[in-house]
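Topology and contacts: notes
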Amino acid sequence: MVAGQTAYATIRAALERGDHDEVLRLTDATLAGRPGDDAAHELRARALLALGRVEEAERHAADAVRLDPDEVRYRELLATVLASRGAHRDAAVEFGWLARNDPRQVAWALAEAAERLDAAQEARGIEAARRAARLEPDNVSAQLALARGLTRLGDARGALAAAQRAVSLAPDEAGSREALADALWLTGREAAAFAEFLALLETMAGRDRRRVLAKARSLYRQQAGPLGRALASVEPLFRLALRFDWISVA
């Protein structure tokens, strides 16, 4: 038993210092002698995930869960691995299991909500977000998940209320302000939504900026006449028009 604990501590130390190849070498040896060692499967899965070998990580995380289905740490690891490879429905199932087994844990309800929304299961995502919001009414992530889900379902009033709550809790949080812009657009307040999108563009870069710019173009195209629609269809021209304040939404 002592030898087993020492081996586990050695593998854990290698993982913590980022020596993933050493973790794989040590767990290879451990599993060759004890294929049913759930802790070795867990540590191997964590090292494989860190190395980007997601399918192998999933296999070992699933083995750890199979060997000890009630170990929370293994379930959370499996859910994380599934989410990392885009298996959002399966990840949501695992996070849902964790949330049901510890209903006071907000993080798992939020993780389930995020995975449900990514899996286009809006109704179930909203349900998970509501659970999180009931536990922590002032949790920005819960209000944000709720706003996003309700926006996707077309519940304009509910989405706006949740987004406004999120912004009141974290005024400088870009995700909250984007959710507010989306909700304003949904409620027919296009000018206010467009203004929010433009304000966000000043603070964003990379993929986030491209996403918000695409929303601003789409909103403007909906409201513009033929000339404006032609301008919005060419991104460089649209960006130039924004730069010089040539366009607006009334």
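A quick note: this is a predicted structure, and the numbers were derived from the prediction, not measured. Within any chain, residue numbers begin from 1 and follow the written order of that chain's sequence. Thresholds applied to this predicted model are a pLDDT of at least 70 for local features of residues and 80 or more for the giving and counting of side-chain atom pairs; totals over whole chains, interfaces and linings are not thresholded and use all residues. Excluding hydrogens and water, the side-chain figures rest on all heavy atoms present in the structure.

As a further point, take the overall build of the chain. A run of H or I in DSSP becomes a helix once it reaches four residues, and a run of E becomes a strand once it reaches two; helices and strands are each numbered from the N terminus. In terms of helices and strands, the chain carries 15 helices and zero strands. Here the globule rule reads 2.2 Å times residues to the power 0.38, and the radius of gyration is calculated from C-alpha atoms. Computed over C-alpha atoms, the radius of gyration of the chain comes to 23 Å, more than 25% over the 18 Å expected from 2.2 N^0.38 for 250 residues, which places it beyond the range of a compact globule. Taking the principal axes of its C-alpha atoms as reference, the chain extends roughly 75 × 40 × 25 Å. Counting only residues that meet the buried cut, the chain has 45% of its 250 residues in that class. Type-normalised accessible area, obtained with a 1.4 Å probe on protein chains alone, sets the label of each residue: buried when under 20%, exposed when over 50%, and partly exposed for intermediate values.

On to the nonpolar core, then. When a protein is soluble and globular, its nonpolar side chains tend to lie buried together. By size, the foremost hydrophobic cluster in this structure holds 38 residues, and its most contacted members are Phe194, Phe197, Leu219, Tyr220, Phe238, Leu242 and Ile247. Elements with a contribution of two residues or more to this core: α8 (122-135), α9 (140-153), α10 (156-169), α11 (174-186), α12 (190-201), α13 (206-223) and α15 (235-243). Among the elements that line this core, the one with the most residues is α11, at six residues. Beyond its immediate sequence surroundings of up to four residues, Phe194 is in contact with Ala216, Leu219, Tyr220, Phe238, Leu242, Ile247, Ser248 and Val249. Here, the term nonpolar core denotes a set of buried Ala, Val, Leu, Ile, Met, Phe, Trp, Tyr and Cys residues that are joined through side-chain atoms within 4.5 Å. The contact criterion used is simple: two residues touch if any of their non-hydrogen atoms lie within 4.5 Å.

Inspection of the secondary structure assignment puts Arg210 in helix α13. For the pair Arg210 and Glu58, spaced 152 residues apart in sequence, the C-alpha to C-alpha distance is 32 Å.

Since the α-helix turns once every 3.6 residues, residues separated by three or four places project in the same direction. All of the buried residues in α15 are Phe238, Ala241 and Leu242. The buried residues of α15 occupy an angular sector of 100° when the element is viewed end-on, so they sit on one face. In α15, the exposed residues that point more than 90 degrees away from the buried face are Pro236 and Arg243. Buried residues along α15 sit in contact with α12, α13 and α14 (226-232). Immediately beyond the C-terminal end of α15, within one or two residues, lies Asp245, with a positive phi of roughly 60°. As used here, the arc is the angular range of directions from the helix axis to the C-beta atoms.

The next point concerns the side chain of His41. The topology assignment puts His41 in helix α3 (residues 38-50). Not counting chain neighbours up to four residues away, the residues in contact with His41 comprise Leu31, Pro35, His60, Asp63, Ala64 and Leu67.

Among the secondary structure elements, Thr30 is positioned in helix α2 (residues 20-33). Classification of Thr30 as buried rests on a relative accessible area of 12%. In contact with Thr30, other than residues within four places in its own chain, are Ile11, Asp37 and Ala40.

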